[in-house]
Amino acid sequence: MKTLLNIIWLVFGGFWLALGYFLAGVVCCLLIVTIPWGIASFRIAAYTLWPFGRMVVDKPGGTGVFPLLGNVIWLLVAGIWIAIGHVVTAFAMAVTIVGIPLAIANLKLIPVSLMPLGKQIVPSTTPFASTYPVRTYR
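Residues numbered from 1 in each chain as written. Predicted model: local features only at pLDDT ≥ 70, side-chain atom pairs only at ≥ 80, totals over all residues. Heavy atoms only, no water.

Focus: the overall build of the protein chain
Across its full length, the protein chain holds 5 helices and 2 strands. Along the protein chain, helices (α) and strands (β) appear in the sequence α-α-β-α-α-α-β when read from the amino end. Counting all 138 residues of the protein chain, 39% fall into the buried class. Carbon and sulfur atoms form 79% of the exposed surface of the protein chain, whose accessible area is close to 8100 Å². (Helix = DSSP H or I, 4+ residues; strand = E, 2+ residues; numbered from the N terminus. Buried < 20%, exposed > 50% of the residue type's maximum accessible area, 1.4 Å probe, protein only. Areas by Shrake-Rupley, 256 points an atom, 1.4 Å probe, with all protein chains shown as cover.)

Put into structure tokens, the structure is as follows:
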């Protein structure tokens, strides 16, 4: 099921979204100072190509002043535009019944597109895993 969803995703929008991340990564890597954003952008581009069966979690020790400042800079330079691309693509995907799961997955990519530093992509056991793990309190 994950493979089928990933193939449909790739054909109907995943390739173009990944291309946007890739181009943002290239631009960030051209400037020496912004290489960490470029690396994060390439990582998210690979995730955007094949998102089902993987999820985004907070990186251990990924919170702090530098990731926060880096995320604010990313938000202003590229994050807003890529998030708008996710919203537009999600609306286009939600037009059909088959595209509704793809639209939901697209909307779940918005938080990582806005704040990519301090996040990592890990495999999940379900194709419709939430973007962030659910915390249970006992």
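Having put the structure on the table, let's press on.
Observations regarding the UniProt feature "transmembrane region" (unreviewed entry) in the protein chain
When the UniProt feature table is mapped to this numbering, "transmembrane region" (unreviewed entry) covers residues 7-33, 39-57, 64-84 and 90-110. With 95% helix and 0% strand, residues 64-84 has its two end C-alpha atoms placed 27 Å apart. The straight-line gap between the two end C-alpha atoms of residues 90-110 is 10 Å; of that span, 67% is helix and 0% is strand. (UniProt positions renumbered as here; feature names shortened; annotations may be inferred.)

A closer look at the pattern of salt bridges
If you walk through the whole model with that rule in mind, you get 1 salt bridge. The shortest N-O distance in the salt bridge between lysine 119 and aspartate 58 comes to 2.8 Å. Here lysine 119 is found in strand β2 (residues 119-123), whereas its partner aspartate 58 is found in strand β1 (residues 54-58), with 61 residues between them in sequence. Note on lysine 119: relative accessible area 14%, which makes it buried. A relative accessible area of 39% means that aspartate 58 is categorised as partly exposed. (Salt bridge = Lys/Arg side-chain N within 4 Å of Asp/Glu carboxyl O.)

Things to note about the nonpolar core
Judged by nonpolar contacts, the single largest core of 24 residues is most densely connected at Trp9, Phe52, Trp74 and Ile82. For this core, the elements supplying multiple residues, two or more each, are α1 (2-30), α2 (35-49), α3 (65-93) and α4 (100-108). The element that contributes the greatest number of residues to this core is α1, accounting for 6 residues. If sequence neighbours within four positions are ignored, tryptophan 74 has contacts with Ala24, Cys28, Trp37, Ser41, Gly79, Ile82, Ser113, Leu114 and Pro116. (Core = buried A, V, L, I, M, F, W, Y, C linked by side-chain atoms within 4.5 Å. Contact = heavy atoms within 4.5 Å.)

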